[in-house]
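Examination of the molecular architecture
So you can see what is in the structure, the chains are spelled out below.
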Amino acid sequence: MQKLISYPLSVIYYLLFLLTLLIFHPIQWICFNWFGYDAHKKSVDILNFFLTLNTYILGTTYKVENLERLPQGVPIIIAANHQSLYDISGILWFMRKVHPKFISKIELGKGIPSISYNLNHGGSVLIDRKDAKQSLSAIKKMADYIETTKRTAVIFPEGTRSKNGQPGPFAENGLKILCKYAPSAYIVPVTINNSWKMTKWGSFPMGLGNRLTFTIHEPFAVKGIPFSEAFERVEKEVVEAITL
């Protein structure tokens, strides 16, 4: 019955989603080209407010735990599990005060209104998963960027989305490069729950009545801790808080 109800609601949701992207694409262009980073950042914040708001038609609710833990005035590396694309809009909206930037696959960098534009102009980097050298270079660029600007890199060490909430093994390379080239950064482990349920039936119809939670764990400094210990701590804290 829930799946049957979801069909018309999903149609309405996708229409709102597409309309939001189309409206904000020229707004982003104007903000970026005429007024610079701060105006563009504000337009992206508002975009993600509406992208989040649109999901309410599906009965989606959100809970963000320990938002006050996010450090201020330092580079930040958010390391989170990855369950769906709704992880991204949630982080961009609810954690907007720390200027999150993403390490994203290169395919998202073209052809998607608003989203591709922000990935190309908002401080994120695009990686080609088939080209290890390019990927590592792009992640180093991100590390240099957050070290200089005191902004935030978001990385999903699993690499790919979990389709059922069960976390995959974390990979070291991306996080290791971020830690090496952003030595004054703080790592913030984040656990995301129930985001996968938004697409439990695939991209259509959408899942209904889900409560997405973002749990922010205690930040810790990169400096003065062996990477192996930092990596183990991140994976342990993120995974142990996942509820299935």
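Refer to the preceding data block for the structure.
A brief report on the enclosed structure follows.

This part takes up the packing of helix α5 (residues 132–149) against helix α6 (residues 173–181). For the pair α5 and α6, interaxial distance at closest approach is 8 Å and the crossing angle is 40 degrees. Classified by the angle their axes make, α5 and α6 are oblique. Crossing angle aside, the handedness with which α5 passes α6 is right-handed. Residues Leu 136, Ile 139, Lys 140, Met 142, Ala 143, Asp 144 and Glu 147 of α5 pack against Gly 174, Ile 177, Leu 178 and Tyr 181 of α6. A breakdown of the residues in the contact of α5 with α6 according to their chemical character gives seven nonpolar, one polar and three charged.

Compared with the 50 Å implied by 1.5 Å per residue over 34 residues, the 46 Å span of helix α1 (residues 2–35) between its first and last C-alpha is a close match. Along its length, α1 shows its largest kink, about 35 degrees, at Pro 8. Here α1 has its buried residues at Ser 6, Ser 10, Tyr 13, Thr 20, Leu 21, Phe 24, Gln 28 and Cys 31. Buried-residue contacts for α1 involve α2 (37–54), α3 (86–94) and α4 (115–121).

Across the two faces of strand β5 (residues 152–155) the burial is the same, with Thr 152 and Val 154 and Ala 153 and Ile 155 all buried. The pairing of strand β2 (residues 76–80) with β5 spans four bridges and is parallel. In the sheet register, Ile 78 faces β5, and the bridge partner there is Val 154. In terms of strand pairing, strand β3 (residues 100–105) meets β5 through three bridges, oriented parallel. Of the residues in β5, the one forming a bridge with Lys 101 is Ala 153.

Criteria and cut-off values
Residues numbered from 1 in each chain as written. Predicted model: local features only at pLDDT ≥ 70, side-chain atom pairs only at ≥ 80, totals over all residues. Heavy atoms only, no water. Axes fitted to C-alpha atoms, helices over the stretch in contact; angles between N-to-C directions. Helix = DSSP H or I, 4+ residues; strand = E, 2+ residues; numbered from the N terminus. Parallel < 35°, antiparallel > 145°, perpendicular 65-115°, else oblique. Left-handed = near helix turned anticlockwise from the far one by under 90°. Contact = heavy atoms within 4.5 Å. Nonpolar A, V, L, I, M, F, W, Y, C, P; charged D, E, K, R; others polar. Expected span 1.5 Å × (residues − 1). Bend = angle between axes of the 7 residues up to and from the residue. Buried < 20%, exposed > 50% of the residue type's maximum accessible area, 1.4 Å probe, protein only. Pairing = 2+ DSSP bridges.

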